[in-house]
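# Structure at a glance
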Amino acid sequence: MSNYFEIKNLKVNYKTFEGTKNVLDIDNLIIKKGMSYGLVGESGAGKTVLALTILKLLATPPGEIVSGEILLEGENLVIMPENKIRDIRGNKIAMIFQDPMSTLNPVYTIGQQIINVIIKNQNVSKKRALPIAIEMLGKVNLPDADNAMKKYPHQLSGGQRQRVIIAMALSCGAEFFIADEPTRNLDVTIQAGILKLIKELQNELNVTILFIANNLGLVSVACDEIGILKNGKIIESGKTRDVIDNPIEEYTKILLESVTKEKIGNREKENNNKLILEVELLKKYFPIKDGFFQKTVAWIKAVDGIELKIRKGEVLGIVGESGCGKSTLVNTILNLHRPTSGEVLFNGKNMFKMSQKELRKTRKNIQIVFQDPFWSLNPRLLVKDIIGEPLKVHENLNYEKYLEKVKKLMTMVGLPEEGVFRYPHEFSGGERQRIAISRALSVKPELVVLDEPTSSIDVISQERILKLLEKLRKELELTYILISHDLSVVHSMSDKIIVMYLGKIVEIGSADDIFVNPKHPYTIALFNAIPKLTTNKIDELFTLEGSVPSAINLPSGCRFQTRCPEKFKLCKEKSPEMQHVDSEHYASCHLLNMDIVQK
Amino acid sequence: MSYNNLIVNTIRPRIRELKISLHLLNRNYLTRFALLIVGLLVAIALLAPLIVPYPEQIMNENNPEEKLMAPSAEHLFGTDELGRDIFSRVLYGTRISMRTALLAVGLAIIIGVPLGAIAGASGGIVDELLMRFTDLFLSFPPLLLAITIAAFMGPNLTNAMIAIAITWWPWYARLMRGQAVSIKERPFVKAAEAIGTPHIKIVFMHIIPNCISPIIVQASMDIGGVILTIASLSFLGLGAQPPLPEWGLMISTSRTYFMNAWWYSVFPGLFIFMTVLVFNLLGDGLREVLDPKTRKL
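Description of the structure in this document. Predicted, not measured: the structure shown is a model, and the values here were computed from it. (Residues numbered from 1 in each chain as written. Chains lettered and ligands numbered in written order. Predicted model: local features only at pLDDT ≥ 70, side-chain atom pairs only at ≥ 80, totals over all residues. Heavy atoms only, no water.)

Turning our eyes to something else, we now look at the interface of chain A and chain B. Listed by partner, the interface residues are 35 residues for chain A and 31 residues for chain B. Carbon and sulfur atoms make up 63% of the area that chain A and chain B hide from each other, which totals about 3,000 Å². The interface formed by chain A and chain B contains zero salt bridges. Among the elements of the structure, strand E1 (3-16), helix H13 (356-365), strand E16 (366-369), helix H14 (383-387), helix H15 (389-394) and helix H16 (399-412) of chain A are those that each provide at least two residues to the side of chain A that touches chain B. Considering every element that reaches the side of chain A that touches chain B, the biggest residue donor is H15(A), with five residues. Of the residues in the side of chain A that touches chain B, the class split is 16 nonpolar, six polar and 13 charged. (Contact = heavy atoms within 4.5 Å. Buried area = accessible area lost by both parts, 1.4 Å probe. Salt bridge = Lys/Arg side-chain N within 4 Å of Asp/Glu carboxyl O. Helix = DSSP H or I, 4+ residues; strand = E, 2+ residues; numbered from the N terminus. Nonpolar A, V, L, I, M, F, W, Y, C, P; charged D, E, K, R; others polar.)

To continue, consider the environment of B:His23. Residues and elements named next belong to chain B. With respect to the helices, strands and loops of the structure, His23 is situated in helix H1 (residues 3-27). According to the relative accessible area criterion, His23 is partly exposed, its value standing at 31%. Spatially, the C-alpha atoms of His23 and Tyr54 are 39 Å apart, while their sequence positions differ by 31 residues. (Buried < 20%, exposed > 50% of the residue type's maximum accessible area, 1.4 Å probe, protein only.)

Residues and elements named next belong to chain A. Inspection of every chain in the model, using the stated rule, returns two cavities of 30 Å³ or more. Size it by volume and the largest cavity reaches roughly 50 Å³. Lining of the largest cavity is provided by His520, Pro521, Cys558, Phe560, Cys564, Cys571, Pro576, Ser588, Cys589 and His590. Taken together, the residues that form the lining of the largest cavity break down as seven nonpolar, three polar and no charged. Taken as a whole, the second largest cavity spans an internal volume of roughly 40 Å³. Along its surface, the second largest cavity is lined by Ile96, Phe177, Ala179, Ile198, Leu201 and Ile209. (1 Å grid on protein atoms, 1.4 Å probe; cavity = no way out; pocket = protein on both sides within 12 Å on 5 of 7 lines; lining within 4 Å. Points joined across faces, edges and corners; volume = space filled by probe spheres on them.)

Take the nonpolar core next. Ranked by size, the top nonpolar core spans 121 residues in total, and within it A:Ile114, A:Ile166, A:Phe177, A:Phe211, A:Ile437 and A:Tyr480 carry the most contacts. In terms of residues, this core owes the most to one element, helix H8 (residues 188-205) of chain A, which gives eight residues. Setting aside its immediate chain neighbours within four residues, A:Phe211 contacts A:Tyr37, A:Gly38, A:Leu39, A:Ala179, A:Pro182, A:Leu195, A:Ile198, A:Leu218, A:Val219 and A:Cys223. Among the nonpolar cores identified, the runner-up in size contains 77 residues, and B:Phe77, B:Val90, B:Ala231 and B:Ile251 belong to it. (Core = buried A, V, L, I, M, F, W, Y, C linked by side-chain atoms within 4.5 Å.)

Once that is clear, we can look at the packing of aromatic side chains. Aromatic ring pairs are reported here in terms of the distance separating the ring centres and the angle at which the planes meet. Scanning the entire structure with this criterion turns up 18 aromatic pairs over all chains. Aromatic side chains B:Phe77 and B:Phe271 sit 6.3 Å apart centroid to centroid with 65 degrees between the ring planes, which places their arrangement in the edge-to-face category. Taken together, the residues B:Phe77 in the loop between helix H2 (29-51) and helix H3 (86-122) and B:Phe271 in helix H10 (residues 262-290) connect sequence positions 194 residues apart. B:Phe271 carries the same exposure label as B:Phe77, and that label is buried. Counting every residue linked through ring pairs, the aromatic cluster contains B:Phe77, B:Phe87, B:Trp247, B:Trp262, B:Trp263, B:Phe267 and B:Phe271. When the ring centre of A:Tyr4 is taken as origin, the NZ or CZ atom of A:Lys33, which lies over that ring, is 4.6 Å away. Positioned over the ring face of A:Trp375 is B:Arg186, at 3.8 Å from the centre of the ring. (Phe/Tyr/Trp six-rings, centres within 6.5 Å; stacked < 30°, edge-to-face > 60°. Lys NZ or Arg CZ within 6 Å of the ring centre and 35° of its normal.)

By themselves, these figures tell us nothing about what the structure is for.
Take a look at the structure:
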């Protein structure tokens, strides 16, 4: 087989305020026709720059291609004139972006957009284009293609949108796909589906794929060959299994370790500390108002009867796909929302019956670390004022003492103390998350809510942040509620795990029980959807059909029945009760109720 | 740590940011040009009484023997119907226009920004009331308002300025409110709430500083617009009154002599055109630098 796609001696520079910087320096990269090549690297390694350079979409300035060749079927893209490259961009190379929402035009239906593409590229009439469009949508396994044609992008879920984008690229006759972290914003169960689809296209339509990601696990499942990108250079490459089984470079080993997270929190099983937080039958419904008099016509049942208990020093993990009510639950516990009903007892006191003054004091004891470290820090303040904000509110210190304390907090999370005189944008994502953590800890809280603390930072920094959190927990005797859709993160940190689906707890138990012996079909699906290094074939990945139903029109009976692979008649009729599995392990599924199963 | 060191340490990062901003502003040729001309105009405005060649001719002096002379080495822009040096008058006019425009925009910001911030940050009924009040002012025809004010308080430059500020502030209130509503949802505001920071402090520490960039951009563009509006009001006789050397007023008087003294209307017009243009260019440049979305290092 000849080399379908090849990069030779490519050098790309960036001109910045500080001077010229080399961001990409690739000696050789070859992808054969019909193969998939995975490129792995941290953010800032130059992955996206490469993708943009191939398509010649790189902004120049500040970017500049210094030297090198990019060959597609023997033609050099670097020196190709703009009008010719435009043909290639649409017809031969297609790009799948991270965010499918911004790639689709929100004011046209899916059908209109895809038909336009077909008319333009295949020179057919509108009538002929329609069946082709439906066929294409079928090819990407979009359920109910006829109906989807009439929908607008916002009416589809993230995974469905990504499928539409792929269908559009296919209908242009694209043979070479550049997928830039196509599953980054998707839930694991959906992610598995997209991975499978990409693999299928490769096998059936002989499409060539350049897959860009920061997660080695993802790439290892989807690609034939991989390359590790670090600071713009490919430091290691080869057949996927070879690289994973026998990594040579130190950096590759670190990346591999970051995927296979070992258990960080290894602590004694018996925990008889006092209860710090008790949540009893908590409900939070949001009203949907309509009509002239703003009458409430329906309720969004975001959190629907949650019960949980946390002891001092414990780490409770909450897992679930987006839209399952994790964040609403936490916001309600933090009293950022008023609950519809139910109680939250913090250290035995009901939070919803406190006076304003008492509440302010209690709030100090419950802090939160947000997911996105780029927007959780005020960009106009110096780090000293960000970390010190809680001190200013709750403690009356003179300036020198204040500064000393801030510096101490800064070193506690492993950052240099001179950093307090800098702006947040001068720090990397992981460092910003450390700043957010030190702000949360500055008032000595008892309970810290970690809302996806690692999901928007690099894999390597993720590991370090988790270790830091564990260290701080021990030193400061903290209690954590850890929310994440990444099960490996939750498993490595927590003692107890709650799996949520559509506002309800479907399974609860100790971290090991849930991990080793999951009972609820949803939990099982979640686990098997994660690509692991040991996953050899993509077929081993588990996918769930469809997306999470709306919390307004809940399915009858069991909430999971619309997507459950093991559903039977009763599931549609009756909502399952919590079933005891063993010691502290409970799950709500009819399959666990022996009486029912035997019948 | 000594006190000195503290100040240095706190100020240094701010200076660094300023340097980066200036560097970015300087990178764009149009913005650099705009900055240069704006600087020049400000210098002229500040130094006008000292640098004009015939300071005594600015106001009332009558030199019938030199009236309506074409531009020459002696009178760069020629002379007007009373024999006054137009170059001196136009330069002095910069001072008048600049001061009025700055005051009018400043007044509009002082009224509009806090109202908008309060509306956006509070939401609910407060938001509704304040914004409907704003709409009330927005729907008032600006020229009519100026005429009314002139009729009640007499036509002069100060009243024109007040009229402009009154019609202009709602735009700032709206801009600020829109910003505040979106900034309010940012995690750092939520974090501040979780910490227990008082509401008013959140508004001043977190919300307003993060909304100020678009206000600055809007203000720099509005200066051009306000100068234009003042000139129009003066042209209609509702603003500056003779013998004040205001650009719009000069053009208004020059109409009679347009056929045989082109320079009389052309030079003040050129200054209006240039001033409005460079402030708009500056606004565009500032937006590129201050808006985090377009800000690229």
